[in-house]
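Read off the chains here:
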Amino acid sequence: MKIKEIREKNINELIKDLAEKRSVAQTLMFDVAVKQAKNHREFRNIKKDIARMLTVIQEKNKA
C-alpha cells in the first residue's frame, strides 16, 4: 500500500485496516515459522505497511 493511499483515508478507516494487517501479519509469521509460507518477503511488506499506517495516524492525531 502506498503512502499516498494511506494519507487519503480517515483515522477510523486506518485503524480498521491496521487491525486487519496485524492479524494477517500474525498468521503469516506463524506460517513462516513452520515453513508453510511460500513468500516470506510478504511479511516484511506487511510490517512496513503497518509502520506507515501508524505514522499517518500519529500525524493526523497531532494535527
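Here's what I pulled together on the structure shown here. Here the structure is a predicted model, which means the values were calculated and not measured.

## Considering the packing of helix α2 (residues 11-33) against helix α3 (residues 41-62)
Piece 1. As a packed pair, α2 and α3 sit with axes 9 Å apart at the nearest point and diverge in direction by 155°. With respect to α3, the axis of α2 lies roughly antiparallel. α3 is crossed by α2, and the crossing has left-handed handedness. Here α2 contributes I11, L14, I15, D17, L18, K21, R22, V24, A25, L28 and M29 to the contact with α3, which in turn contributes E42, F43, I46, D49, I50, M53, L54, V56, I57, K60 and N61.
Piece 2. Its residues placed into classes, the contact of α2 with α3 shows 15 nonpolar, one polar and six charged.

## What to know about the nonpolar core
In a soluble, globular protein the nonpolar side chains are often hidden away together inside.
Piece 1. With eleven residues, the main nonpolar core is built from I6, L14, L18, A25, L28, F43, I46, I50, M53, V56 and I57.
Piece 2. Within the residue set of this core, elements represented by two or more residues are α2 and α3.
Piece 3. Examining the composition of this core, we find that six residues originate from one element, α3, more than from any other.
Piece 4. Excluding residues that lie within four positions of it along the chain, L14 makes contacts with I6, K9, M53, V56, I57 and K60.

The rules behind the values
Residues numbered from 1 in each chain as written. Predicted model: local features only at pLDDT ≥ 70, side-chain atom pairs only at ≥ 80, totals over all residues. Heavy atoms only, no water. Axes fitted to C-alpha atoms, helices over the stretch in contact; angles between N-to-C directions. Helix = DSSP H or I, 4+ residues; strand = E, 2+ residues; numbered from the N terminus. Parallel < 35°, antiparallel > 145°, perpendicular 65-115°, else oblique. Left-handed = near helix turned anticlockwise from the far one by under 90°. Contact = heavy atoms within 4.5 Å. Nonpolar A, V, L, I, M, F, W, Y, C, P; charged D, E, K, R; others polar. Core = buried A, V, L, I, M, F, W, Y, C linked by side-chain atoms within 4.5 Å. Buried < 20%, exposed > 50% of the residue type's maximum accessible area, 1.4 Å probe, protein only.

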